[in-house]
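Each chain, letter by letter, is given below.
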Amino acid sequence: MMKIDVLTLFPRMFEGPMGESIIGKAVGKELLEINVSNFRDYSDNKHQTVDDYPYGGGAGMLLKVQPIYDNIKAIEEKHPETKKRVILLDPAGKQFDQKMAEEFSKEEHLVFICGHYEGYDERIRTLVTDEVSLGDYVLTGGELGAMVMIDATVRLLPEVLGNQISAQTDSYSTGLLEHPQYTRPAEFKGMKVPEVLTNGNHRLIEEWQLKESLRRTYLRRPDLLEKIEMTPQMEKMLAEIKQEEASI
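Named according to an unreviewed UniProt entry, the protein chain is tRNA (guanine-N(1)-)-methyltransferase originating from Candidatus Enterococcus wittei. Turning to the protein chain, the UniProt record has this under Subunit (unreviewed entry): "Homodimer." On record in UniProt, under Sequence similarities (unreviewed entry), the comment for the protein chain is "Belongs to the RNA methyltransferase TrmD family."

### Observations regarding the overall build of the protein chain
When its secondary structure is counted, the protein chain shows seven helices and 10 strands. Against the 2.2 N^0.38 benchmark of 18 Å for 248 residues, the protein chain shows a C-alpha radius of gyration of 23 Å, more extended than a compact globule. Each of the 248 residues in the protein chain was classed as buried or not, and the buried ones make up 40%. A separation of at least 24 residues holds for 74% of the contacts in the protein chain among residues at least 6 apart in sequence.

### Some points on the domain arrangement of the protein chain
According to the domain assignment, the protein chain consists of domain 1 (1-153) and domain 2 (170-244). Spacing between the C-alpha centres of domain 1 and domain 2 amounts to 38 Å.

### What to know about helix H2 (residues 65-78)
For H2, built from 14 residues, the straight-helix expectation of 20 Å at 1.5 Å per residue is met to within 8% by its first-to-last C-alpha distance of 20 Å. Looking only at H2, the buried set comprises Gln66, Pro67, Ile68, Asn71, Ile72 and Ile75. In this fold, the buried residues of H2 make contact with strand S1 (2-8), strand S2 (32-38), strand S4 (62-63), strand S5 (84-95) and strand S6 (109-113).

### Some points on the pairing of S6
Within S6, five of the five residues are buried, leaving the element largely enclosed by the surrounding structure. Here S6 shows a buried face lined by His109, Val111 and Ile113 and a second buried face lined by Leu110 and Phe112. Direction of pairing for S1 relative to S6: parallel, over a ladder of five bridges. Paired with Val6 across the bridge in S6 is Phe112. Across five bridges, the pairing between S5 and S6 is parallel. Its bridge partner being in S6, Val86 is matched across the sheet by Val111. Following the backbone out of S5, through helix H3 (residues 98-104) and into the adjacent parallel S6, one traces a crossover that is right-handed.

### Looking at a nonpolar patch on the surface
Where nonpolar side chains cluster on the molecular surface, the patch consists of Phe10, Met13, Tyr137, Leu139 and Leu144 and spans about 460 Å² of accessible area. For Leu139, the location among the structural elements is in the loop between strand S8 (130-133) and helix H4 (143-154). On the basis of relative accessible area, Leu139 is assigned to the partly exposed category, the value being 36%.

Conventions used here
Residues numbered from 1 in each chain as written. Predicted model: local features only at pLDDT ≥ 70, side-chain atom pairs only at ≥ 80, totals over all residues. Heavy atoms only, no water. UniProt positions renumbered as here; feature names shortened; annotations may be inferred. Helix = DSSP H or I, 4+ residues; strand = E, 2+ residues; numbered from the N terminus. Rg over C-alpha atoms; globule rule 2.2 N^0.38 Å. Buried < 20%, exposed > 50% of the residue type's maximum accessible area, 1.4 Å probe, protein only. Contact = heavy atoms within 4.5 Å. Domains from an automatic or database assignment. Expected span 1.5 Å × (residues − 1). Pairing = 2+ DSSP bridges. Right-handed = clockwise from strand over helix to strand, strands pointing away. Patch = residues over 30% accessible without salt bridge, like charges linked within 9 Å, V, L, I, M, F, W, Y side chains within 5 Å. Areas by Shrake-Rupley, 256 points an atom, 1.4 Å probe, with all protein chains shown as cover. Salt bridge = Lys/Arg side-chain N within 4 Å of Asp/Glu carboxyl O.

Printed below as a string of structure tokens:
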């Protein structure tokens with residue numbers, strides 16, 4: 001069973017998303033345990049403050065190290081047997097992607113620290129193994145980013161989706177965007193399913209799917225093509241795609 005702990009000032013934000021859909025089913029199947037704690041509860045002063053002004057001046061407030069330190073120590077005392085990967089949600093961190101989700105899915109215990117205010121006391125970074133950003137933009141806090149990362153990670157756990165092939169062939173898992181897909185009816189308002197998908201020839205279907213994955217990636221995310229190892233078949237298909245698209 002994977003364990004996930006979330007440190008946040010707003011635990012109620014996680015009540016709906018972490019109890020529904022794939023994540024809720026994973027918890028129900030006892031494939032996943034999620035605990036959300038409010039690190040304000042670990043503040044050592046009577047007002048339970050978790051932030052303070054930065055030394056040297058500057059705009060805004062910083063999260064203090066003590067409440068987060070004590071919250072993490074409490075998790076370690078509760079689960080001394082697990083190896084933990086502690087993830088700090090930070091706009092300056094490494095950008096989250098499918099490869100990182102796959103890495104996280106192999107861990108036994110993930111701990112997410114959700115920030116607020118203008119930033120962190122630098123000493124908080126000594127407690128973490130990873131500093132991760134959802135993308136090149138700034139959110140009000142780390143909660144939404146943590147939810148996205150948890151969702152992307154949990155769906156990759158064995159038995160969570162039921163059909164693991166689905167996760168393995170998702171967009172980005174193969175390095176390419178996913179090919180177009182269709183379901184019944186075969187024709188709707190003059191729009192037809194490509195004939196190759198209805199002829200039962202699995203070899204031709206697989207070739208079509210690969211070529212259309214390449215086409216979609218070339219048209220929408222050509223940068224991804226630079227990161228994958230192209231086979232001779234893929235190189236030939238890509239050359240055909242470029243000719244076809246140039247003639248449109």
